[in-house]
Each structure stands twice: as structure tokens, then as C-alpha cells.
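Analysis of the macromolecular model
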Amino acid sequence: MRISGVASAMPEYVYPQDTLTGALKLFWGDKLKNPEQLDRLHSRTGVTSRHLAFPLERYPTFSSWGETNAAWFEVAQVHGERALDQALTKAGISRQDLHALFVVSITGIASPSLDARLINRMNLRSDIKRTPIFGVGCVGGALGLTRAADYTLAYPGHNAALLAVEVCSLTLKRDDLSAVNVIASGLFGDGAAAVIVSGSQTTNDQRPGAGPEILANGSFFYPGTEDIMGWGISETGFQIVLSPGLMDLVKANLSRDVDSFLNEHGLTRSDIGNWVIHTGGPRVLDAMQEALELEDRHLERSWDSLSRFGNLSSASVLLVLEDIAEKHRPDPGTFGVLLAMGPGFCSEMILLRW
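Predicted model, so just to flag it, every value in this text is computed and none were measured.

In this structure's numbering, the residues bearing the UniProt feature "domain: Chalcone/stilbene synthase N-terminal" (unreviewed entry) are residues 6-198. In the segment residues 6-198, helix accounts for 41% and strand for 21%; the C-alpha atoms at its two ends are 12 Å apart.

Here it is in C-alpha cells:
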């Protein structure tokens, strides 16, 4: 099985980080007791610009969670369709060649879910197997990709799509001036990314220029860590949960689990020439680099993606994958690892060969 196409769809509204910081100062007004602290925190996120689903002047008009959730559903369909179509084009297949659709999002909810709306909107085949995934946050891109890979392993003549679409800007809490919410306000952005996985018996699996083979995947769950990261959900919407213990958790577990995963396939970290790592933020990237003893060059694409887009939660690792596949393609035969961590708390990793 192989990644035969990967593409992103970013909103048209792009703002420099200092512009967004200034807008938040106006948004919070007198409630922000120390505006200089906002400047300082945002300057440390590693983000220089972010895409937003709506123009800045639209956000103060939202008055309820119902309104923001409806707005999420509106733009998620638009950008989700764009990302899927572009990924299908890169894979060299049509909408009707898609047999399974996995959709990941943590910034809005709907029933029928987003995948159902996209099937109707895009006139996808009526026997398509659909799987909506909610609640997995930053690990969602890797987790969804493992499920798509598992599907094509079972159905080698099929193509499966993973779509990750997030509108993080709509989850900002108006009355929450906690440190974690203020940091999040400078870190997260909006956008969508899609990946097509083609089974070994499909014609496009061997197409020249196709992406890397998926050799294996691994999942690691850490019991008793559900309070590390996630949402607190109430009548006012989503409230970010992020424990300062996250970095210690990464350092205590990640190297052991990556080594265990690679050892199963006769490999070590020194055999991996390409790392596709989720852009969780500066402290998370630093903790992952330290835990895995990686060189700066191994995280260069992740740092660049963080700078240009911010953290797009589930879609972030797919943006890094797209950048590598399109502009920084490794030499043929290079082993790679796609890696993300998120609420649960858990790790998902995929062994690739370019």
C-alpha cells in the first residue's frame, strides 16, 4: 500500500502573527491586564503567520457556541472538498475511485457527520465506507492515516482517503484569559489536508511519482493520562486542556515506543532518514527532538510548517508530509517515520519507505 496523493486546502485569509496579536488585544480589551505578556507569549510560539477561516472582523460577531459550530460546518465542507479533490488529482484517480473515507476533526461536531455531507456534496459512490473520527486532536492525522492504511491492507484493490479539517480559530474562548488559552490563541490555525492511500492491487499504487509505501503502523496508549490534553466541553463550547506534564510524558515514553516499533521491523533510529513529525509547538518539538536524539535537520520541515501555518491540530502532520513529498522528497529507498501524539494520551507512528 502506498500514499498516492497528499494535498492541503488553506483558507484565503492569512495574517502575520503580530496582526493577530494586536487583534486579540482589542478583542480582550480591559480584561487583558498585562498586554505585554501576550506579546511575549505569542513571540515564543515559533509562528510567523496563520490562515483563518474568516476575516478578523467576523470573529467578534459570533455570540454562541451554536453559531461557531455552524460556521465550522460551513467552512469544513468547503475546504474539505478542496483538499480531497486536490489529493485525488495528485493520486490520478476520480471521486468514483474512492472506496473509503475517514474524516478527522476536533473543532466542531455534527450529526449526520461531516463525511456524510461531503459524500452528498461531492457525489461520491453510494457504497463508500465512511468513518468519522472525533476527540483525538493532534494525533488525528496519524491515527486516521493508520486506519486508512489498515483498510487498504484488507482491501488491496481499493483506494481510501483520510481528510483532516480543523477550524481552530472558532474555538477561542472569549472570557478565558488563562495562560493555556492565551498560548493557544497564538499557536493554532485553520485548514484542511487530505491523503489518498492506494492498495497494492490498484493501478496507481505503482504510478511513477507516487508517494511513499506504508510498511507498518504502531499505536501506543498511556493509561491514566487523559487529563494531559483535550477539551473541557460545556454549554459555552470548547475549553482547551493542556497539562504542563506533557513534556515529561513525551521524554519518558517516546524513545522507548519508537525503538520498540522500529525493532519489530529490524530497524533502529539510525536507519530512519526522514522524520514527519506533528507541529505541536516549540516545547513539544524540542521535547520530541530530545527524546529521540534527532538532529536539527530532521525537524526542519516541522519547524517551517509551524512558522507558516501554526498548529492545525489533526491536519498538521499531513502538512509536513505534503511539504516533504512535494518539495523535499527523500532519495528512493529512504525509510521514514510519520509521528504524532495527542489526547488519550497516545502516540501513533507509521513506517514509510520512499
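Take a nonpolar patch on the surface next. Residues I109, F134 and I233 make up a contiguous nonpolar surface patch of roughly 270 Å² in combined accessible area. Mapping F134 onto the fold places it in the loop between β5 (129-133) and α5 (140-154).

The positions that UniProt labels "domain: Chalcone/stilbene synthase C-terminal" (unreviewed entry) are, in the present scheme, residues 220-353. Note that residues 220-353 is 38% helix and 27% strand, and that its end C-alpha atoms are spaced 21 Å apart.

L145, V195, I214, L321 and L338 are the most contacted members of the largest nonpolar core, which totals 40 residues. Of all elements in the fold, only β1 (2-9), β4 (100-104), α5, β6 (159-167), β7 (190-198), α10 (316-327), β12 (335-342) and β13 (346-353) reach the threshold of two or more residues within this core. Top contributing element to this core by residue count: α10, with seven residues. Looking at which domains feed residues into this core, each of domain 1 (2-198) and domain 2 (212-353) supplies at least three. Each residue touching L338, except ones within four places of it in the same chain, is listed here: A142, L145, V276, V317, L321, E348, M349, I350 and L352. In terms of nonpolar packing, the next biggest core, distinct from the first, is built from 38 residues, F220, V250, V258 and L285 among them.

Right, let's get into α5. Given a rise of 1.5 Å per residue, 15 residues ought to cover 21 Å, and the 21 Å separating the end C-alpha atoms of α5 matches this to within 8%. In terms of burial, α5 is largely enclosed, as eleven of its 15 residues are buried.

Moving on to the pattern of salt bridges. Any two side chains of opposite charge can pair, so long as their charged atoms come close to each other. Inspection of the entire model under this criterion finds 19 salt bridges. Between E81 and R121 there is a salt bridge, and its shortest N-O distance comes to 2.5 Å. Separated by 40 residues along the polypeptide, E81 in helix α3 (residues 65-91) and R121 in helix α4 (residues 114-122) bring together distant segments of the chain. Given a relative accessible area of 17%, E81 falls into the buried group. By relative accessible area, which is 38% here, R121 ends up partly exposed. Through salt bridges that share partners, E300, R301, D304, R308 and D323 make up one connected network.

Attention shifts here to the domain arrangement of the protein. Split by domain assignment, the protein resolves into domain 1 (2-198) and domain 2 (212-353). Computed over C-alpha atoms, the centres of domain 1 and domain 2 are 18 Å apart. Contacts between domain 1 and domain 2 engage 54 residues on the former and 47 residues on the latter. Carbon and sulfur atoms supply 67% of the area that domain 1 and domain 2 bury against each other, a total of about 4000 Å² over both sides. The largest contributions to the domain 1 side of the interface with domain 2 come from W65, C138 and K173, which together make up 17% of the buried area. Across the domain 1-domain 2 interface, the total number found is three salt bridges. The residue E348 makes a salt bridge to R147 at a minimum N-O spacing of 3.9 Å. The interface formed by domain 1 and domain 2 holds 14 residue pairs in polar contact (both at pLDDT 80 or more) in total. Listing elements by their share of the side of domain 1 that touches domain 2, those giving two or more residues are β1, β3 (49-52), α3, α5, β6, α6 (179-185) and β7. With nine residues, the top contributor of residues to the side of domain 1 that touches domain 2 is α5.

About the criteria used
Residues numbered from 1 in each chain as written. Predicted model: local features only at pLDDT ≥ 70, side-chain atom pairs only at ≥ 80, totals over all residues. Heavy atoms only, no water. UniProt positions renumbered as here; feature names shortened; annotations may be inferred. Helix = DSSP H or I, 4+ residues; strand = E, 2+ residues; numbered from the N terminus. Patch = residues over 30% accessible without salt bridge, like charges linked within 9 Å, V, L, I, M, F, W, Y side chains within 5 Å. Areas by Shrake-Rupley, 256 points an atom, 1.4 Å probe, with all protein chains shown as cover. Salt bridge = Lys/Arg side-chain N within 4 Å of Asp/Glu carboxyl O. Core = buried A, V, L, I, M, F, W, Y, C linked by side-chain atoms within 4.5 Å. Buried < 20%, exposed > 50% of the residue type's maximum accessible area, 1.4 Å probe, protein only. Domains from an automatic or database assignment. Contact = heavy atoms within 4.5 Å. Expected span 1.5 Å × (residues − 1). Buried area = accessible area lost by both parts, 1.4 Å probe. Polar contact = N/O pair within 3.5 Å; in protein donor to acceptor, adjacent residues only side chain to side chain.

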